[in-house]
Amino acid sequence: NRSKEKKFTSKLKKLHRIQKLQKRRQTIDEFKNIERAIARGNISQLTSYFNSRTYLNLANGVSGYYSNNQVYYVLKKYFRKHKVKVFKFSKIFTDANAPYAVGSYDFNTRNGRRSLRVYVSLKRVKNEWKILQITLN
């Protein structure tokens, strides 16, 4: 019986590790989708990630909680004015409860290229990842 218990416990631990790795991979995939949308300046691709209340903090002074419709229009206007040239997440942290990613957003201005630091955090809502916060500064 002890031998069976040890085998069962070992298999159970292995299953938990596999499930944890799968969740981590899924989270990374979500951030890659968000990264592609931002890199293209395509806010429409982000709409499924907007939560009912998303916190925005933008370099132009916009700061606060916004509804999903407001987030769409605020970001659309921001991306139109600050057309992304290069965007990439440099680090993705996949903590199960509060994953986030940090990256760099480059765009051209009259005075040359400018770079902003980007922070995006996610939250699980009804079994879907939603953007909790977007910071560009």
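Heads up: these notes are all about the structure in this document. (Residues numbered from 1 in each chain as written. Predicted model: local features only at pLDDT ≥ 70, side-chain atom pairs only at ≥ 80, totals over all residues. Heavy atoms only, no water.)

## Some remarks on the pattern of salt bridges
Two side chains carrying opposite charge are able to pair once their charged atoms lie near each other.
And then number 1: Inspection of every chain in the model, using the stated rule, returns four salt bridges.
And then number 2: Salt-bridge contacts for Glu35 lead to Lys32; the nearest nitrogen and oxygen are separated by 3.7 Å. Residue Glu35 and its partner Lys32 are both found in helix α1 (residues 2–40); the two are separated by three residues, about one turn of the helix.
And then number 3: In this structure, the salt-bridge partner of Lys88 is Glu35, at a minimum N-O distance of 3.9 Å. Within this pair, whereas Lys88 is found in strand β3 (residues 84–93), its partner Glu35 is found in helix α1, the two being separated by 53 residues in sequence.
And then number 4: On the accessibility criterion, Glu35 (8% relative accessible area) is buried. (Salt bridge = Lys/Arg side-chain N within 4 Å of Asp/Glu carboxyl O. Helix = DSSP H or I, 4+ residues; strand = E, 2+ residues; numbered from the N terminus. Buried < 20%, exposed > 50% of the residue type's maximum accessible area, 1.4 Å probe, protein only.)

## A look at the side chain of Asp106
And then number 1: Within the secondary structure, Asp106 is located in strand β4 (residues 100–109).
And then number 2: Although Asp106 is buried, it forms no salt bridge, and the closest oppositely charged side chain is Arg113 at an N-O distance of 4.5 Å.
And then number 3: Setting aside residues up to four positions removed in sequence, Asp106 forms contacts with Lys83, Val84, Lys85, Val86, Arg113, Arg114 and Ser115. (Lys, Arg positive; Asp, Glu negative; His and termini not counted. Contact = heavy atoms within 4.5 Å.)

## Section: the packing of aromatic side chains
And then number 1: In this structure the tally under the stated criterion is nine aromatic pairs.
And then number 2: Measuring from centroid to centroid gives 4.9 Å for Tyr72 and Tyr73, while their planes differ by 85°, and the two rings are edge-to-face.
And then number 3: By relative accessible area, Tyr73 is classed as exposed at 56%.
And then number 4: The cationic tip of Arg53 hangs over the ring face of Tyr65; the distance from NZ or CZ to the ring centre is 4.4 Å.
And then number 5: The lysine or arginine in question, Arg124, covers the ring of Trp129, its NZ or CZ lying 4.7 Å from the ring centre. (Phe/Tyr/Trp six-rings, centres within 6.5 Å; stacked < 30°, edge-to-face > 60°. Lys NZ or Arg CZ within 6 Å of the ring centre and 35° of its normal.)

## Some remarks on a nonpolar patch on the surface
And then number 1: A surface patch of nonpolar side chains, about 290 Å² in accessible area, is lined by Phe8, Leu12 and Leu15.
And then number 2: Looking at the secondary structure, you find Phe8 in helix α1. (Patch = residues over 30% accessible without salt bridge, like charges linked within 9 Å, V, L, I, M, F, W, Y side chains within 5 Å. Areas by Shrake-Rupley, 256 points an atom, 1.4 Å probe, with all protein chains shown as cover.)

## Re the sheet that holds strand β6 (residues 128–136)
And then number 1: Spatially, six strands are ordered β2-β1-β6-β5-β4-β3 in an open sheet, and the strand pairing comes out mixed. Only two strands of the sheet have a single neighbouring strand rather than two, namely β2 (63–66) and β3. For this sheet the average axis-to-axis angle between neighbouring strands, irrespective of direction, equals 20°.
And then number 2: Bridge count between β3 and β4: eight bridges; the pairing is antiparallel. Looking at the pairing, Val86 lines up with Asp106 of β4.
And then number 3: Against the sheet, α1 touches β3, β4, β5 (112–125) and β6, its axis set at about 165° to β3.
And then number 4: Most of the contacts of helix α2 (residues 68–81) go to strand β1 (residues 50–58), to which it runs at about 35°, and overall it touches β1, β2, β4, β5 and β6. (Pairing = 2+ DSSP bridges. Axes fitted to C-alpha atoms, helices over the stretch in contact; angles between N-to-C directions.)

## Describing the side chain of Thr94
And then number 1: In this structure, Thr94 sits in the loop between β3 and β4.
And then number 2: At a separation of 3.1 Å, a polar atom in the side chain of Thr94 contacts the side chain of Arg24.
And then number 3: Ignoring anything within four residues of it in the chain, the contact list for Thr94 reads Arg24, Thr27, Ile28 and Pro99. (Polar contact = N/O pair within 3.5 Å; in protein donor to acceptor, adjacent residues only side chain to side chain.)

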